[in-house]
Amino acid sequence: SAVISQKPSRDICQRGTSLTIQCQVDSQVTMMFWYRQQPGQSLTLIATANQGSEATYESGFVIDKFPISRPNLTFSTLTVSNMSPEDSSIYLCSVLGEGGGQETQYFGPGTRLLVL
Amino acid sequence: GDSVTQMEGPVTLSEEAFLTINCTYTATGYPSLFWYVQYPGEGLQLLLKATKADDKGSNKGFEATYRKETTSFHLEKGSVQVSDSAVYFCALSDRGGGFKTIFGAGTRLFVKA
């Protein structure tokens, strides 16, 4: 299994500012992902965080808005840049780990962001 | 691309009623299928999964069978409880798609006492 922690757990930010969210995993994992869950909506994949190289972004998400770092196999950060109220969401880190002999996806507790 | 479609909510049931939440998928490969649950104010939890056709996933009284012929993975529970009130997400993950998990829109379930 994999235990994921995220910091901060929640934040209230002013528009135009940036927030960096940290994701720490208790074991080395190959694949890490960042998701967004807008209020009352489902989860949308933002990007796959690649260790040692640039993240792979999904359609509709760009590096300038959501820069991602992944310096090693247990840690990643997601920055939400130049925030607007539309960025108010829950941001979730997710990893692919070993569970019961099979690859299993684990989700962090999420970071609740409110942009005023 | 791959996608998941699940029945719209909210679904409101009385305690001990039978629950079905429909889920169908489209995928180019052979995905694994999942149901996740999100209780009020909490994070996402894996409820059950199935990795190949005809597999049945089960947990906490919930069941879902991977039906390749109908590309479906409907969630069922014989007798719901108030504590089952939550949002349920159907999802798929395709190894050929880089292990990305694609989620359905979610179905909110309210169970009345």
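Residues numbered from 1 in each chain as written. Chains lettered and ligands numbered in written order. Predicted model: local features only at pLDDT ≥ 70, side-chain atom pairs only at ≥ 80, totals over all residues. Heavy atoms only, no water.

Q: I would appreciate a short explanation of the overall build of chain B in the present structure.
A: What chain B contains, in helices and strands, is zero helices and twelve strands. The helix and strand sequence of chain B, counted from the amino end, reads β-β-β-β-β-β-β-β-β-β-β-β. Taken over C-alpha atoms, the radius of gyration comes to 14 Å for chain B, in line with the 13 Å a tight globule of 113 residues would show. Reported as C-alpha extents along the three principal axes, the dimensions of chain B are approximately 45 × 25 × 20 Å. (Helix = DSSP H or I, 4+ residues; strand = E, 2+ residues; numbered from the N terminus. Rg over C-alpha atoms; globule rule 2.2 N^0.38 Å.)

Q: I keep staring at the sheet that holds strand β3 (residues 19–25) of chain A and nothing clicks. Help me out?
A: As a general point, the strands of a sheet are linked pairwise by backbone hydrogen bonds and lie either parallel or antiparallel. Residues and elements named next belong to chain A. Across the sheet, which stays open at both edges, the four strands sit in the order β1-β3-β8-β7 with antiparallel pairing between neighbours. The two strands at the open ends of the sheet, each matched to only one other strand, are β1 (4–7) and β7 (68–72). Each strand of the sheet is rotated relative to its neighbour by a mean of 15 degrees, with strand direction disregarded. (Pairing = 2+ DSSP bridges. Axes fitted to C-alpha atoms, helices over the stretch in contact; angles between N-to-C directions.)

Q: Please clarify how the packing of aromatic side chains should be interpreted in this entry.
A: Aromatic ring pairs: the centre-centre distance and the angle between the two ring planes describe each pair. Counted under the stated rule, the structure contains eleven aromatic pairs over all chains. An angle of 70 degrees between the planes, with centres 5.7 Å apart, marks the rings of A:Phe107 and B:Phe103 as edge-to-face. With A:Phe107 in strand β10 (residues 102–107) and B:Phe103 in strand β11 (residues 101–103), the pair connects residues from two separate chains. Note on A:Phe107: relative accessible area 13%, which makes it buried. An angle of 50 degrees between the planes, with centres 5.5 Å apart, marks the rings of B:Tyr36 and B:Phe103 as tilted. Taken as a pair, B:Tyr36 in strand β5 (residues 32–38) and B:Phe103 in strand β11 lie far apart in primary sequence, 67 residues in all. Here a set of aromatic residues connected by ring pairs shows up, and it is made of A:Tyr35, A:Phe107, B:Phe34, B:Tyr36, B:Phe89 and B:Phe103. (Phe/Tyr/Trp six-rings, centres within 6.5 Å; stacked < 30°, edge-to-face > 60°. Buried < 20%, exposed > 50% of the residue type's maximum accessible area, 1.4 Å probe, protein only.)

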